[in-house]
Amino acid sequence: MAQFEKEIVQAVLIADNNVWNFKPLSDEGSTALLPLVNVRMLDYALMALNRSGVEEVFVYTSLYRSSIREHIRAGIATDAAWSFKMTVHVIGGEGCRCFGDAMRDLDNKALIRGNFILLGADTVTNADLRPVLEQHKRQAKFDKGTAATLVFKECANNVRTGNEVLIAVDRRNDRLHYHQRLRMHHKENRYQIPLDVFLGNSCVALHHNLLDPQIAIGSPSMLSLFNDNFDFQTRDDFVRGLLINEELLDSRIYVALLPAAQYAHKVNNWPAYQLVSRDIINRWAYPFVPDIGLYKLQQEYVFHKDNIYKSPEAQVSKVALLQNVVIEAGSHVDSGSVIGDSVIGANCRIGKNCRLTNAFLMAGVTVMDNCRLEHCVVGEGAIINEDCDVSAGCVLGAKSVLPAKTTLAKTLITRTPSRRRSEDEVVVEVKSIGPEAYIVSDLTTGDPEDSEGEDLLPQQPLSIPKMGDLLAPLEEISYCSDFSEDDEDASRAVTPLPDDTNIFLGEVIDSLTRGFREKSNPDFLVLEINSSRYAYNMSLKEVNFNVVKAVFGMQSIVEPANDNVLVAINAAFKQLGPVVSNYIKSEDAMMDCLKALEDVYEENHLVRGKISQIVHYLYDKDFVSESAIQAWYEQLDEEEHAHLRQSLAKLVAWLDQSSEEDDDDDEEEDDD
């Protein structure tokens, strides 16, 4: 009778996400336990699974496992809304460093017994996933190679959070044929889609207005695919690998779109945190709204007009509450203060004549009189003294103390001077502004003893994606297949590359980006690049060209902090220099390097403005030689590359003069 046993609905929650994006708060605890409108993000995900009929959940974490396990126990003990009819296990592995490692560990543990729901602990959704699960099961019966069904949600194009995607889908069976993640703060004039997508399929639909909330339905084979392919480090690696090697792996991916009435979003950075907070307050995620008991089965807020949620136990008298405000129990706001578009945690104290706009205060925060807080996050127990001005995406760590009359913008503050940036025990440089307030700066911009590096590429404060005005939309994306001569220059940067070359370049960019972020061994990155080279049959010349182009194509250089591209380049080459040196050895390879830089010059306006300093930097670091620069400069067309030649003229003249002086010295030595 075993065949008639009911299949238990299982789910996997990945808790270790976005550790870098939420610094410094992620240094003090799990991002899964970060409050979002005064409810832990993990609780939103658990409640979503409970609403979808899930019976068993595995919360996978390798960081702060004891804290998450304690939170789950506390939720069960206090009858949290998600604790009914659902069993929650907290599991993990010490050596897990990425999403792929977690999936491989799950496969080795053999805990998943059938189809399962997969999402991150930072996903907020009110969707009922049971219809999607049933759709996946029906598809798996028809196609035994079904590996996963990815869930997407239609969205507006006015705000980018890094979760937006472009996909191509077979309209007959919803099979995925192409997947491209769109960049933040970027406007695409045209999309590059491989021609094979259309030649091999008679009915293809393109979706450019989709949001990826990181929800998927996985087949049992999904976990084994990660175990068989160790280069699958992220979910995007998995999707790309299956699309490229569908026939070899005999696995396919399908797509499901959520109905318009259902909400789903991934909170992967501070802009997304601000956006989802606003959506919850504006009741787009109903029933996940503050005035309905989410974590506790009791009403904690009274809902007033203009989306004001105020706890009966909060003391707010003679205070102007404008709109979209949440104030939790135990908080006290003195007279004369003005609050709008903000979330106030439990037991906060706000003084007189303060102004808070788009401010997010965790529990126990104290704000003294006459302070202005705008577009900022304040960690639990922090203190902001009198007459402070905190704005433009600042994040204050837990229990930090900001001195009186401090003005901050685009800054991260921690309480203690010793901050660890990664598991590699790399210490982050800090600058004190008070006994318990330190500004975190990025110590990746070259050796402190290297004075030449400091002169050319000065250090700058560490930056993360900042919150900002959500009402400022991106420009509307244009689509066109024909263009006039006036558009010719603008279109040069988006001229399609051959398909294999384009895929190879994308894989190298992904490998270098991951290696830069995780400080991977350069030898391992070289092995990855060589593997991709042989897979796509790239010549050595093409590899040289695309490796250099990939370094300059990393997100940290395309969109550098404060537009300081020189600092970003120095940080990248300090970590990835050995990889570049492995390929750029001969004079011919140096010419390939400079030709790649020529392409980057056309595509990146920040590189265009600093091209002379960048070439000089490559020369100082021995990536290119004097003769290679001179030969490259000579072959640049005087009309087509007039601006580039003009930018390089002084540098080339200096090299010529230096070469002549060296020749004179040699002649004098010969005469002697």
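All values reported here derive from a predicted model rather than from experimental measurement.

1. Some points on a nonpolar patch on the surface
Okay, so step 1: Taken together, the side chains of Leu195, Phe198, Leu199 and Leu206 define a hydrophobic patch exposed on the protein surface, amounting to about 410 Å² of accessible area.
Okay, so step 2: Its place among the elements puts Leu206 in strand β11 (residues 204-218).
Okay, so step 3: By relative accessible area, which is 43% here, Leu206 ends up partly exposed.

2. Let's talk about the sheet that holds strand β19 (residues 332-333)
Okay, so step 1: Reading across the sheet, the 6 strands line up as β16-β19-β22-β24-β26-β29 and stay open at both edges, with parallel pairing between neighbours. Of all strands in the sheet, those with a lone pairing partner are β16 (315-316) and β29 (401-402), marking the two edges.
Okay, so step 2: The pairing of strand β22 (residues 349-350) with strand β24 (residues 366-367) spans 2 bridges and is classified as parallel. Bridging from a neighbouring strand, Arg349 pairs with Thr366 of β24.

3. Digging into the side chain of Asn38
Okay, so step 1: Considering the arrangement of structural elements, one finds Asn38 in the loop between β2 (35-36) and β3 (39-40).
Okay, so step 2: At 3.1 Å, the side chain of Asn38 forms a polar contact with the side chain of Tyr301.
Okay, so step 3: Among residues more than four places away in sequence, those in contact with Asn38 are Tyr301, Val326, Glu328, Val343, Ile344 and Gly345.

4. Points about unusual backbone geometry
Okay, so step 1: That bond from Tyr286 to Pro287 is cis: its omega, 10°, falls within 30 degrees of zero.
Okay, so step 2: With respect to the element layout, Pro287 can be found in the loop between α9 (270-281) and β14 (302-304).

5. Quick notes on helix α2 (residues 65-77)
Working note: α-helix, 3.6 residues per turn, so residues spaced by three or four point in the same direction.
Okay, so step 1: Helix length check: α2, at 13 residues, gives a terminal C-alpha distance of 18 Å against a target of 18 Å (1.5 Å per residue), a fit within 8%.
Okay, so step 2: Among the structural elements, β3, α1 (41-51), β4 (56-60) and β5 (87-91) are those in contact with the buried residues of α2.
Okay, so step 3: A positive phi of about 55° marks Asp79, the residue just after α2.

6. A few points about the packing of helix α14 (residues 540-552) against helix α16 (residues 565-583)
Okay, so step 1: In contact at an axis separation of 10 Å, α14 and α16 are set at 170° when each is read in the N-to-C sense. Comparing their axes, α16 and α14 come out roughly antiparallel. Side by side, α14 and α16 meet where Val543, Asn544, Val547, Val548, Val551 and Phe552 of the first sit next to Ile569, Ala572, Phe573, Val580 and Tyr583 of the second.
Okay, so step 2: A class-by-class count of the residues in the contact of α14 with α16 yields 10 nonpolar, 1 polar and no charged.

7. What about the environment of Gln214?
Okay, so step 1: Here Gln214 lies in strand β11.
Okay, so step 2: Since its relative accessible area comes to 17%, Gln214 is described here as buried.
Okay, so step 3: With 96 residues separating them in the primary sequence, Gln214 and Leu118 have C-alpha atoms 8.0 Å apart.
Okay, so step 4: Ignoring sequence-local partners within four residues, the contact set of Gln214 consists of Leu118, Leu119, Gly120, Thr123, Arg181, Arg235 and Lys266.

8. Concerning the nonpolar core
Okay, so step 1: Residues Leu13, Leu36, Leu42, Tyr44 and Val57 are the most contacted members of the largest nonpolar core, which totals 64 residues.
Okay, so step 2: Top element by residues in this core is α1. It accounts for 8 residues.
Okay, so step 3: Filtering out sequence-adjacent residues up to four positions away, Val57 remains in contact with Ala11, Leu13, Leu46, Leu49, Met86, Thr87, Val88 and His89.
Okay, so step 4: Counting 59 residues, the second-largest nonpolar core is a separate cluster that includes Phe504, Ile509, Met554 and Leu651.

9. So, the pattern of salt bridges
Okay, so step 1: Under the definition given, this model contains 25 salt bridges.
Okay, so step 2: Close ionic contact of Asp128 with Arg130 constitutes a salt bridge, the shortest N to O distance being 3.0 Å.
Okay, so step 3: Look at the salt bridges and you will find they share partners, linking Asp237, Arg240, Asp510, Arg514 and Glu528 into a network.

10. A closer look at the confidence of the model for the protein chain
Okay, so step 1: Overall, the predicted model of the protein chain reaches an average pLDDT of 81, with 84% of residues at or above 70.
Okay, so step 2: Segment residues 419-426 is flagged for pLDDT under 50; beyond a separation of four residues in sequence, or across chains, it makes 22 contacts in the model.
Okay, so step 3: Low pLDDT, under 50, characterises residues 442-466; the stretch is placed with 58 contacts to residues that sit more than four places away or in other chains.

11. A closer look at the packing of aromatic side chains
Okay, so step 1: In total, this model carries 13 aromatic pairs according to the counting rule given.
Okay, so step 2: Geometrically, the ring pair formed by Phe99 and Phe226 is edge-to-face, given 5.6 Å between the ring centres and 75° between the ring planes. Of the two residues, Phe99 sits in helix α3 (residues 99-109) while Phe226 sits in helix α6 (residues 220-228), which places them 127 residues apart along the sequence. Side by side, Phe99 and Phe226 carry an identical accessibility label, which is buried.
Okay, so step 3: Measuring from ring centre to ring centre gives 6.2 Å for Phe573 and Tyr617, while their planes differ by 70°; the resulting arrangement is edge-to-face.

12. What about α3?
Okay, so step 1: Listing the buried residues of α3 in full gives Phe99, Gly100, Ala102, Met103, Arg104, Asp105 and Leu106.
Okay, so step 2: Each element contacted by the buried residues of α3 is listed here: β1 (10-14), β4, β5, β6 (116-120), α6 and α7 (235-244).
Okay, so step 3: Positive phi shows up at Ala110, right after α3, with a value of about 55°.

Quick notes on the rules
Residues numbered from 1 in each chain as written. Predicted model: local features only at pLDDT ≥ 70, side-chain atom pairs only at ≥ 80, totals over all residues. Heavy atoms only, no water. Patch = residues over 30% accessible without salt bridge, like charges linked within 9 Å, V, L, I, M, F, W, Y side chains within 5 Å. Areas by Shrake-Rupley, 256 points an atom, 1.4 Å probe, with all protein chains shown as cover. Salt bridge = Lys/Arg side-chain N within 4 Å of Asp/Glu carboxyl O. Helix = DSSP H or I, 4+ residues; strand = E, 2+ residues; numbered from the N terminus. Buried < 20%, exposed > 50% of the residue type's maximum accessible area, 1.4 Å probe, protein only. Pairing = 2+ DSSP bridges. Polar contact = N/O pair within 3.5 Å; in protein donor to acceptor, adjacent residues only side chain to side chain. Contact = heavy atoms within 4.5 Å. Expected span 1.5 Å × (residues − 1). Axes fitted to C-alpha atoms, helices over the stretch in contact; angles between N-to-C directions. Parallel < 35°, antiparallel > 145°, perpendicular 65-115°, else oblique. Nonpolar A, V, L, I, M, F, W, Y, C, P; charged D, E, K, R; others polar. Core = buried A, V, L, I, M, F, W, Y, C linked by side-chain atoms within 4.5 Å. pLDDT = per-residue confidence, 0-100. Phe/Tyr/Trp six-rings, centres within 6.5 Å; stacked < 30°, edge-to-face > 60°.

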